[in-house]
Amino acid sequence: MEKTIAGKTIAVNEEGYLTDFSQWDESVGKELATEANIDLTPRHWEVLKYLQKEQQNQIALSIRRVGKSGVVDIKEFYSLFPNAPLKTSTKIAGIPKPASCI
Amino acid sequence: MNEDKGKIKKMMIILSKASLENVYAAFVLANGARMEGIESELFFTFFGLEAINKKKMDSLHIATVGNPAMHMPTMIGGLPGMEALATTMMKKEMEKVDMPEIPEFLDILYASGVKMWACKLAFDMFHYKEEDLYEGVDDIITVGDFYKRSEGEGVHMLFI
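Residues numbered from 1 in each chain as written. Chains lettered and ligands numbered in written order. Predicted model: local features only at pLDDT ≥ 70, side-chain atom pairs only at ≥ 80, totals over all residues. Heavy atoms only, no water.

Engineer: Explanation requested: the pattern of salt bridges in the structure shown.
Structural biologist: Side chains that differ in charge, positive against negative, can pair when their charged atoms come close. Under the defined criterion, the tally for this structure stands at 21 salt bridges over all chains. Of the charged contacts, one joins Arg149(B) and Glu41(B) as a salt bridge, the two residues approaching to 2.8 Å between their closest N and O atoms. Of this pair, Arg149(B) sits in helix H6 (residues 143-149) while Glu41(B) sits in strand E2 (residues 39-44), and the two are 108 residues apart along the sequence. You can call Arg149(B) partly exposed: its relative accessible area is 29%. A salt bridge links Lys115(B) to Asp138(B); its shortest N-O distance comes to 3.6 Å. Residue Lys115(B) is located in strand E3 (residues 115-119), and its partner Asp138(B) is located in the loop between helix H5 (120-125) and strand E4 (139-141); the two are separated by 23 residues in the primary sequence. Beyond isolated ion pairs, a larger network of salt bridges with shared partners links Arg64(A), Lys68(A), Glu95(B), Asp98(B) and Glu104(B). (Salt bridge = Lys/Arg side-chain N within 4 Å of Asp/Glu carboxyl O. Helix = DSSP H or I, 4+ residues; strand = E, 2+ residues; numbered from the N terminus. Buried < 20%, exposed > 50% of the residue type's maximum accessible area, 1.4 Å probe, protein only.)

And the structure:
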């Protein structure tokens, strides 16, 4: 599937996650955040960059791992990305939705 | 009518047992709900209270007796040390799939906004004291209070 995000044609899956990270840039992230009703602050960006780095290193993401990252604790993670933090933040970061139960 | 298409808005999970497999089932479901943006509450009753008892939560075991999925004869499962052995083996596997031990899991649930309630009847029956309970427990409430909290659309209740 394709979707126009920030004026660019971006490949996404049926849930709206980017399928090609090379198409991601900060303007794409910003627009995806707006869609999720999130106003990105510098704290959000720190978390997003961390998630992208973990993904790059092929580390499976989970709430538990994010909580132990030293970047953000679980409570703040939920407050930065309310409702479903891991799903929302990975979508904004342009990386796949983690397949984790924890 | 039915504009939410039956979407789950809140999970109310009652934990009444203290075998490791039941506690984990309740915790994974409660945490998983929060991860999906679903509200989530846990009601600890009867032996389920042990999962929030600071002195007991570290020593919960897998049930080796009366658990057909252990694939061992009941008499073997009942031998001294079998529960501890099965638990140690299981915990190793759990760590591999990123499953935290109970105290850490409680911290994750608490930080994720899961509400935790101790059942008053069980609390009184087992002569618990407030200082026995994990600090993240919201309150000691009656079953009626818990039902009251379950009002509304899209609320699901689960007994483990």
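Engineer: How should helix H5 (residues 85-93) of chain A be read in this particular structure?
Structural biologist: Side chains three or four residues apart in an α-helix point the same way, a direct result of the helix having 3.6 residues per turn. Counting buried residues in H5(A) gives seven out of nine residues, a clear majority hidden from the surface. Of the residues making up H5(A), those classed as buried are Pro85(A), Leu86(A), Thr88(A), Ser89(A), Thr90(A), Ile92(A) and Ala93(A). Of the surrounding secondary structure, the elements contacted by the buried residues of H5(A) are helix H1 (26-35), helix H2 (42-56), helix H3 (63-67) and helix H4 (74-80) of chain A together with helix H1 (20-35) of chain B. Backbone geometry just downstream of H5(A) places Gly94(A) in the positive-phi region, at approximately 80°. (Contact = heavy atoms within 4.5 Å.)

Engineer: Help me understand the interface of chain A and chain B, please; the structure alone is not making it clear to me.
Structural biologist: You'll often see interface size given as the accessible area lost when the parts meet. Counting residues at the interface gives 16 residues for chain A, matched by 15 residues for chain B. Taken as a group, Arg64(A), Tyr78(A) and Ile102(A) account for 47% of the area that chain A buries against chain B, more than any other trio of residues on that side. Applying the counting criterion to the chain A and chain B interface returns five salt bridges. For Glu104(B), the salt bridge goes to Lys68(A), with nearest N and O atoms at 3.8 Å. There are six residue pairs in polar contact (both at pLDDT 80 or more) connecting chain A and chain B. Of all the elements in the fold, those that place two or more residues in the side of chain A that touches chain B are H3, H4 and H5 of chain A. Of the residues contributing to the side of chain A that touches chain B, the split by class is eight nonpolar, three polar and five charged. (Buried area = accessible area lost by both parts, 1.4 Å probe. Polar contact = N/O pair within 3.5 Å; in protein donor to acceptor, adjacent residues only side chain to side chain. Nonpolar A, V, L, I, M, F, W, Y, C, P; charged D, E, K, R; others polar.)

Engineer: It is not clear to me how the environment of Ala33(A) should be interpreted in this structure. Could you clarify?
Structural biologist: Residues and elements named next belong to chain A. Residue placement: Ala33 occurs in helix H1. Note on Ala33: relative accessible area 0%, which makes it buried. In sequence terms Ala33 and Phe21 are twelve residues apart; their C-alpha atoms lie 16 Å from each other. Discounting chain neighbours no more than four positions away, the residues touching Ala33 are Ile38, Leu40 and Ile92.

Purely geometric stuff here, so don't read any function into it on its own.
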